[in-house]
Amino acid sequence: MIIACISDNIEELIKLVKKSSEIADQIGAEIHTILFKYYYKEDEIEILKSSLNTDRIILLSNILLMKYDSEAFSLALMDYYKKYKPDLFVFNSSLASKEMAVKLSSKLNIPAMLDVKELKILDKKLIVKRDFAGGVYEATYETDIPFILTLLDSETSYISKLDRKREFEEMVVNTNVSRVLIRQTKKLNPRINELKNAKVIISVGEALKDKNDLKYIFEIANFLKAEVSCTRFLSTRKRWFDEWIGVSGIRVSPKLYVGIGISGEPFHIAGILKSEKILAIVTDPESNIINYADYIAICDLYKILPVLAKKVKKKYEKFLTES
Amino acid sequence: MNYPDKCALVEAIKLVRYYGGEVNVFSIANEKAIDVLKEALALGANSAVLISDPIFEDLDTLSKAKVAIAAIRKSKAYDVIMFGDVSVDSMNGQMGIIVADKLGLPHISNVVRLWNEDSKIVCEKRVEDKILICEARVPVVVVVTIDLNPFELYNIAYEEIEKVNKPILKWDAKFLGIKPEELSKKIKISSINKIEQQRERKIIYFNDYNELSEKILEIFEKSAK
């Protein structure tokens, strides 16, 4: 059995190989790591060649792989498939990798599943867990190999005791680019790692009417050493932040998550379920976030925020002076 | 109606109002989807087709895409095929890409804004760390996100939906020329469980905002240590 690991970025690829070895060790599978020449830098490829505990590193080579293009990358993977017929393709769950995985699924007629949370292989059957209905539910699926999946979270503390072969092969592949032209790219600055590692997160929702209202939130966050973010609506439609919290954005797991003026649509809730404690400060007593909170304050946001900001400031200034 | 699909529909209606053309809506579902298709007609779609057959139930996405493609091939010529990015239950989000791939069409996904320029569709596409402005010549497949249209603004009263008197066409496997052996159900759901949450759900009672802020501060101190 062969598990092929593919990612659109190097950090995710390293994690993916480690996670895949957890499964491969149990069932005696080989791990292939697929790299795209020109897309990965030469020094990155050298680092991966020397550090990855994998059976085979296959460098797919074609000048059209210089820039990410789902058509070019999935077509390139076809040539690899024809030669090795892997049983399982494991991708990371970035939007680019998901596109690539689905395109490959279409071209090979092998079914795919996205955003997989857990995976087991039992008697050549694949048992897969993933979110369902906005992430408030979890579904378990059963399917056969070959299969294609994108793995949502490849964090693992697993260390393989097997020393894999680490063979290297460069494979010149045929490919073609899509007929979509990119006119312009605007770089965003999503604080993915900051939010994933934050102990306290204050997140704001649509009940906050004006971006200027964020001044109270930042004052509170400053003293609490909290990260501030928002719901998808405020990020994509109002552009208050470059990222948002939720299953379609960033999934977070702080000690304390403070949701201010958040209605709590399921995709947002599913992204905060791993928080140790959730405090909901809302105006609307019907807000769905209330059903998932540990502490609930139903109040006028525009009355509580100035008072709270003042209180926090006073308390922590006193603390700083004393210490 | 699945709200990402509604966003796609509303955008399609806006496009044809501005640039001309018509909107034809397809749903692969059982008879219950008639009401959804009536809603689509009430919103302004020109025609609606229910693609339904017992052999279409519980298909995997690749087979569902096969059914969709058969229906697209039976329908009128098209410039843009639009999909909502995910269904809110299965959260799958593969159909648009597969349909585009199988039909050999360009596709643009994660679209948050789009417009027409001559015979090109131009889209603003949002990915994790950038916004891309992309263009493709028609025919093209566009997969839109819920950011495109505030779907809540397009809710239609039940009475308006009931007034719809345009016919809803029904296409089955025989009409589409699909045989059962061409379809597969390779992925089976074995269980669906609610993610249990042990939450305290304590309501903070207060007499004034001073008191409430004190209580919130206590929570900050207790929970954020």
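So, how was this worked out
The residue numbering used here restarts from 1 in each chain and proceeds along that chain's sequence as written. Here chains are named by letter from A upward and ligands by number from 1 upward, in the order in which they appear as written. Reporting in this predicted model follows two pLDDT cut-offs: at least 70 for local features of residues, and 80 or more for side-chain atom pairs to be given and counted; totals over whole chains, interfaces and linings ignore these cut-offs and use all residues. Here the bounds of each domain stem from an automatic or database domain assignment. By definition, residues are in contact whenever their C-beta atoms, placed on the basis of the backbone, come within 7 Å of each other. Following the grouping adopted for this structure description, the nonpolar residues are Ala, Val, Leu, Ile, Met, Phe, Trp, Tyr, Cys and Pro, the charged ones are Asp, Glu, Lys and Arg, and the polar ones are all others, Gly among them. Strands here mean DSSP runs of E at least two residues long; helices mean DSSP runs of H or I at least four residues long; both are numbered from the N terminus. Pairing between strands requires that DSSP locate at least two bridges from one strand to the other. One fewer than the residue count of a helix, multiplied by 1.5 Å, yields its expected span. Exposure classes come from backbone-placed C-beta atoms, where a residue is buried if 20 or more other C-beta atoms lie within 10 Å of its own, exposed if 12 or fewer do, and partly exposed in between.

This part covers the domain arrangement of chain A. Residue and element names in this part refer to chain A. Here chain A is partitioned into domain 1 (2-172) and domain 2 (192-322). Relative to domain 2, the C-alpha centre of domain 1 lies at a distance of 35 Å. Contact residues are listed per partner, giving five residues for domain 1 and five residues for domain 2. When grouped by side-chain class, the residues that make up the side of domain 1 that touches domain 2 number two nonpolar, two polar and one charged.

Taken residue by residue, the interface counts 59 residues in chain B and 64 residues in chain A. For the side of chain B that touches chain A, the secondary-structure elements that each account for two or more residues are helix H3 (61-74), helix H4 (95-103), strand E4 (107-117), strand E5 (120-127), strand E6 (130-137), strand E9 (188-194), strand E10 (202-203) and helix H7 (209-223) of chain B. Among the elements that make up the side of chain B that touches chain A, the one with the highest residue count is H7 of chain B (nine residues). When grouped by side-chain class, the residues that make up the side of chain B that touches chain A number 27 nonpolar, 14 polar and 18 charged. Here strand E7 (residues 137-144) of chain A pairs with E9 of chain B via six bridges, running antiparallel. Its bridge partner being in E9 of chain B, Thr140 of chain A is matched across the sheet by Ser191 of chain B.

Residue and element names in this part refer to chain A. Look at helix H3 (residues 70-84): 21 Å from first C-alpha to last across 15 residues, which is about the 21 Å you get at 1.5 Å a residue. Restricting attention to buried positions, one finds in H3 the residues Ser70, Glu71, Ala72, Phe73, Ser74, Leu75, Ala76, Leu77 and Tyr80. Next to the buried residues of H3 lie strand E2 (30-36), strand E3 (56-61), helix H4 (95-108) and strand E9 (167-172). Directly beyond the C-terminal end of H3, a positive phi value near 45 degrees is found at Lys85.

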